[in-house]
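Summary of the model geometry
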Amino acid sequence: MEYQWNKTTTKTETLQAFLKAEGISSRTLKKIRQGQGKIFWNNQLVKGNLKVNKLGTVGLQMIPEHVDPSVFQSKLPINIIMEDDYFVAINKSPNLSSVPGPNDQQNTLANRVLGYAQRQQHPYVPHILTRLDFDTRGLVFFAKSNFIQSMLQEQISNHTLKKIYYALVSGHLTQQHAMIDLPLEKESFESARRVVRESGKFAQTEYWVEQEFADATLVKVQLHTGRTHQIRAHFAALNHPLVGDQLYGGPTKLIQRQMLHAYQLELINPFTKQKQKFVAPLANDFQKVIEMLKQN
């Protein structure tokens, strides 16, 4: 696939400098110099050090990626929310790992998306951008190449890739809107839990109360950092663990999985410069628990 940008000024600059200003990483430019890509000026193949001082079109082609033969390509189904030339948004079901690990090397979401991608008329190698815990449902986002993934790296690093969740927490929060600003680290080498400690990594979770029930609260959550178990650990630290979250001591009378749903993702498409929003509808079991809470 060829990616194109319009040069809209008469500034004198090399095409490499122009591409870097458009968000192309130094690592990608190095790959191009090593023969892993081609640069075009007004549809003519040129070198990246070509200086231009007029309006025109800059094109970029990267050599196709090769599939890692050690990664299994699953034919199990996936729930696609959206797919375009750059991204695939998936609604992940619970009881499914995002990526291969010791307990599952073949049937994770990443295995399934890879199998789907390789069965298309124009096969591609997907790269996961957001991950969810095994029991968490909702939006998981893939880039259609490592180049597209690299173009989003700045938004990932500075947390302008906006991630919104819904969570059901036990009890009632003291504030309707707040920022949880507590450092997190792994409880111990053997434990999967994350706990608040001064020696932990910086972590921020912002929430808004959406609806209160007799003994639980529905909150909308925005992640400002991306630590493992961040939402679960932060609310547990406030003594409001998520409903169904056995690992963090949440109540399990109504359901035996944590009531956490990755609802929405917003980003600026690095190629079109347009804002894109993707939404995964709230899961049926989550809605059922809400209805049961309303009846109490």
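Residues numbered from 1 in each chain as written. Predicted model: local features only at pLDDT ≥ 70, side-chain atom pairs only at ≥ 80, totals over all residues. Heavy atoms only, no water.

**A word on the packing of aromatic side chains**
- Under the counting rule described, the total for this entry stands at 10 aromatic pairs.
- Plain terms: the ring middles of Tyr 86 and Phe 87 are 6.2 Å apart, the flat faces sit at 50 degrees to each other, and that makes the pair tilted.
- Taking relative accessible area as the criterion, Tyr 86 reaches 15% and is therefore assigned buried.
- Each ring, one from Tyr 86 and one from Phe 271, has its centre 4.7 Å from the other, and the planes form 5 degrees; the classification is stacked. Taken together, the positions of Tyr 86 in the loop between strand E7 (80–83) and strand E8 (87–92) and Phe 271 in the loop between strand E17 (260–268) and strand E18 (275–279) put the pair 185 residues apart, joining distant regions of the chain.
- Sitting above the plane of the Phe 189 ring, Lys 186 keeps its charged end 6.0 Å from the centroid.
- Lying over the aromatic face of Trp 208, Lys 220 brings its terminal NZ or CZ to 5.3 Å of the ring centre. (Phe/Tyr/Trp six-rings, centres within 6.5 Å; stacked < 30°, edge-to-face > 60°. Buried < 20%, exposed > 50% of the residue type's maximum accessible area, 1.4 Å probe, protein only. Helix = DSSP H or I, 4+ residues; strand = E, 2+ residues; numbered from the N terminus. Lys NZ or Arg CZ within 6 Å of the ring centre and 35° of its normal.)

**So, the pattern of salt bridges**
- This structure, assessed with the given rule, holds 10 salt bridges.
- For the salt bridge of Glu 22 with Lys 273, the shortest nitrogen-to-oxygen distance reads 3.4 Å. In this pair, Glu 22 sits in the loop between helix H1 (15–21) and helix H2 (26–36) while Lys 273 sits in the loop between E17 and E18, placing the two residues 251 residues apart along the sequence.
- Where Glu 266 meets Lys 277, a salt bridge forms, and the shortest distance between an N and an O atom there is 3.9 Å. (Salt bridge = Lys/Arg side-chain N within 4 Å of Asp/Glu carboxyl O.)

**Details of the UniProt feature "domain: Pseudouridine synthase RsuA/RluA-like" (unreviewed entry) in the protein chain**
- Annotation from UniProt places "domain: Pseudouridine synthase RsuA/RluA-like" (unreviewed entry) at residues 87–237.
- Strand forms 34% of residues 87–237 and helix 19%; the C-alpha atoms that close the span are 35 Å apart. (UniProt positions renumbered as here; feature names shortened; annotations may be inferred.)

**Side note on the sheet that holds strand E4 (residues 44–46)**
- Taking strand neighbours across the sheet as the criterion, the four strands line up as E1-E6-E3-E4 in an open arrangement whose pairing is antiparallel. The open sheet is flanked by strand E1 (2–7) and E4, the only strands paired with a single partner. In this sheet, neighbouring strand axes are inclined to one another by 30 degrees on average, regardless of whether the strands run parallel or antiparallel.
- Across five bridges, strand E3 (residues 37–41) lies against strand E6 (residues 56–62) in antiparallel orientation. Bridging across to E6, Ile 39 finds its partner in Leu 60.
- Set on the sheet, H2 makes contact with E3 and E6; between it and E3 the angle comes to about 95 degrees. (Pairing = 2+ DSSP bridges. Axes fitted to C-alpha atoms, helices over the stretch in contact; angles between N-to-C directions. Contact = heavy atoms within 4.5 Å.)

**Topic: the pairing of strand E16 (residues 216–223)**
- Burial analysis of E16 places seven of its eight residues in the buried class, which makes it a mostly covered element.
- When strand E11 (residues 162–170) meets E16, the two strands line up antiparallel, connected through eight bridges. In the strand pairing of E16, Ala 167 is matched with Val 219.
- Examined bridge by bridge, strand E15 (residues 204–212) and E16 share seven bridges and lie antiparallel to one another. Following the sheet pairing, Tyr 207 is matched in E16 by Val 221.
- Taking the residues that link successive antiparallel strands as the turn, the E15-E16 hairpin has three residues.

**Focus on the side chain of Thr 225**
- Within the secondary structure layout, Thr 225 lies in the loop between E16 and helix H6 (230–237).
- A distance of 2.8 Å separates the side chain of Thr 225 from the side chain of Gln 230, its partner in a polar contact.
- Ignoring any residue separated from it by four or fewer positions in sequence, one finds Thr 225 in contact with His 159, Phe 202, Ala 203, Gln 204 and Gln 230. (Polar contact = N/O pair within 3.5 Å; in protein donor to acceptor, adjacent residues only side chain to side chain.)

**Let's talk about the nonpolar core**
- Trp 5, Phe 87, Phe 141, Phe 147, Tyr 207, Val 219 and Phe 235 are the most contacted members of the largest nonpolar core, which has 60 residues in total.
- The element that contributes the greatest number of residues to this core is strand E10 (residues 137–143), accounting for five residues.
- The residues touching Phe 235, leaving out its near neighbours within four places in the chain, are Val 169, Leu 173, Ile 180, Tyr 207, Val 219, Val 221, His 240, Pro 241 and Leu 242.
- Ranked by size, the runner-up nonpolar core spans 14 residues in total, among them Leu 168, Leu 218, Ile 255 and Leu 293. (Core = buried A, V, L, I, M, F, W, Y, C linked by side-chain atoms within 4.5 Å.)

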